[in-house]
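Listed below are the residues making up each chain.
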Amino acid sequence: MSIDLFNQTLYEKPSTVKEYICTQKDLWIEEKTIFEKYEQHIKDKAILDVGCGGGRTAIALSELTSNYTGIDYSMEMVKACLKWHSSLNFIHGDASDMHMFDGESFDFIIFSFNGIDCMSHEKRIKTLKEIYRVLKSGGIFAFSSHNLDDRKIVTAFNKYDMKRPRAIARNLFNVMSYLKVRKYQIHTDTYEILSDPLAGFGHLTYYIRKQEQVKQLVNIGFKNIAILNRQAQFVDINSLDRDSEWLHYVCQKPTSNDRNEDSQQK
């Protein structure tokens with residue numbers, strides 16, 4: 001089973017959908033900061049909510065625009081969104097192939113809750129290119145991604161507590177879940193795919209350093225890249241951010257004028 005299929009299967013499970021619907025309701029402070037700072041690109045604009053999950057961000061975004069679309073590759077997540085937010089537009093589809101949308105269809109695109117980290121490296125790059133395609137010139141793309149420089153990356157084997165019976169049982173479950181996914185882990189010089197606490201470490205997550213993430217975005221064509229830490233502070237690309245489990249990135253698709261200026265400078 002591929003990493004992509006492994007993680008997608010997890011998000012189709014009723015227990016996972018229930019967790020997203022019941023426990024994740026409020027915007028993160030980083031998201032609130034982004035929505036406020038980039039309001040001119042969001043308010044009354046065409047918005048695409050990639051990996052909309054249980055609809056956590058849908059409520060806030062739909063209050064800012066009447067032109068909202070949510071997309072998720074989990075049919076069960078889409079069904080849940082349609083049930084609880086029946087007035088909004090939700091589509092079942094894969095972010096790496098959004099053929100249902102024309103190029104330059106959206107002013108603002110968000111991929112929240114580290115959703116892009118559920119993919120293989122190859123699919124991640126394909127997804128970023130697809131987002132670039134459907135984003136309008138001058139449009140804004142925001143997403144979050146796990147930070148490989150985080151000092152507290154959690155694995156299945158660093159949370160042991162063998163003093164309490166419930167903890168022992170939980171740790172045994174974690175180990176069993178980890179053993180199922182460990183062969184899919186990947187370690188490279190630029191990113192890692194590691195066992196993640198979700199589903200008792202039965203989930204795989206992509207971790208990347210901010211410098212490498214910026215390189216990915218620049219190579220695809222994005223510009224004006226801003227980075228926020230977990231305290232919603234805008235940080236420099238060279239800061240270490242050892243206390244941020246993940247970081248938020250905001251970037252812009254160049255306009256035709258930007259591209260003309262770049263070509264003239266070259």
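Quick note: structure is the one above.
Keep in mind that what you see is a predicted model, and the values were worked out from it rather than measured.

Caption draft 1: A look at the nonpolar core. In this structure, Leu48, Ile109, Phe111, Phe141 and Phe222 are the most contacted members of the largest nonpolar core, which totals 28 residues. Per-element accounting of this core gives the leading share, 4 residues, to helix 7 (residues 121-134). With sequence-adjacent residues up to four places away left out, phenylalanine 111 is seen in contact with Val50, Gly51, Ala95, Ile116, Met119, Thr127, Ile131, Phe141, Ala142, Phe143 and Ser144. If you look at the next biggest cluster of nonpolar residues, it comprises 22 residues, including Phe35, Ala60, Phe90 and Ala226.

Caption draft 2: The arrangement of helix 7 in detail. Counted at 1.5 Å a residue, the expected span for helix 7 with its 14 residues is 20 Å, and the 20 Å between its end C-alpha atoms agrees. For helix 7, the complete set of buried residues consists of Lys123, Arg124, Thr127, Leu128, Glu130, Ile131, Tyr132 and Val134.

Caption draft 3: Up close: the environment of leucine 5. With respect to the helices and strands, the residue leucine 5 is situated in helix 1 (residues 3-12). Residue leucine 5 is classed as partly exposed on the basis of its relative accessible area of 44%. Sequence separation between leucine 5 and methionine 119 is 114 residues, and the spatial gap between their C-alpha atoms is 8.9 Å.

Caption draft 4: Structural view of the side chain of glutamine 216. Examined against the element boundaries, glutamine 216 turns out to sit in helix 10 (residues 210-220). Contact partners of glutamine 216, with chain neighbours within four places excluded, come to His121, Arg124, Ile125, Leu128, Tyr206 and Ile208.

Caption draft 5: Looking closely at the pairing of strand 1 (residues 47-50). Burial along strand 1 is two-sided: the face carrying Ile47 and Asp49 and the face carrying Leu48 and Val50 are both buried. Relative to strand 2 (residues 68-72), strand 1 runs parallel, the two being bridged by 4 bridges. Its bridge partner lying in strand 2, aspartate 49 is registered against glycine 70. Of the pairings in the sheet, the one linking strand 1 to strand 4 (residues 106-111) comprises 4 bridges and is parallel in character. Residue pairing for strand 4: leucine 48 is matched across the bridge by isoleucine 109.

Caption draft 6: Region of the structure containing helix 10. Looking at helix 10, one finds that the buried residues are Lys210, Gln213, Val214, Gln216, Leu217 and Ile220. Looking down the long axis of helix 10, one finds its buried residues gathered within 155° of arc, a one-sided arrangement. Buried residues belonging to helix 10 abut helix 7, strand 5 (135-147), strand 8 (203-208), strand 9 (223-228) and strand 10 (246-252). After helix 10 finishes, the residue glycine 221 shows a positive phi value of roughly 130°.

So, how was this worked out
All residue numbers refer to position in the chain's written sequence, counted from 1. At least 70 in pLDDT is required for a residue's local features to be given in this predicted model, at least 80 for side-chain atom pairs to be given and counted, and no such filter applies to totals for whole chains, interfaces and linings, which use all residues. Hydrogen atoms and water are omitted, and side-chain values are computed over all heavy atoms in the structure. Put simply, a nonpolar core is a bunch of buried Ala, Val, Leu, Ile, Met, Phe, Trp, Tyr and Cys residues held in one set by side-chain atoms that sit within 4.5 Å of each other. Buried residues are those whose accessible area, probed at 1.4 Å on protein chains only, stays under 20% of the maximum for their type, while exposed residues exceed 50% and partly exposed ones sit between those limits. Numbering goes from the N terminus for both helices and strands, where a helix is a DSSP run of H or I of at least four residues and a strand is a run of E of at least two. A contact between two residues is defined here by any heavy atoms of the two lying within 4.5 Å. The length a helix should cover is 1.5 Å for every residue beyond the first. Strands are treated as partners if at least two bridges between them are detected by DSSP. Summarising the geometry, the arc corresponds to the directions from the helix axis toward the C-beta atoms.

Everything listed is a geometric property; what it means functionally is a separate question.
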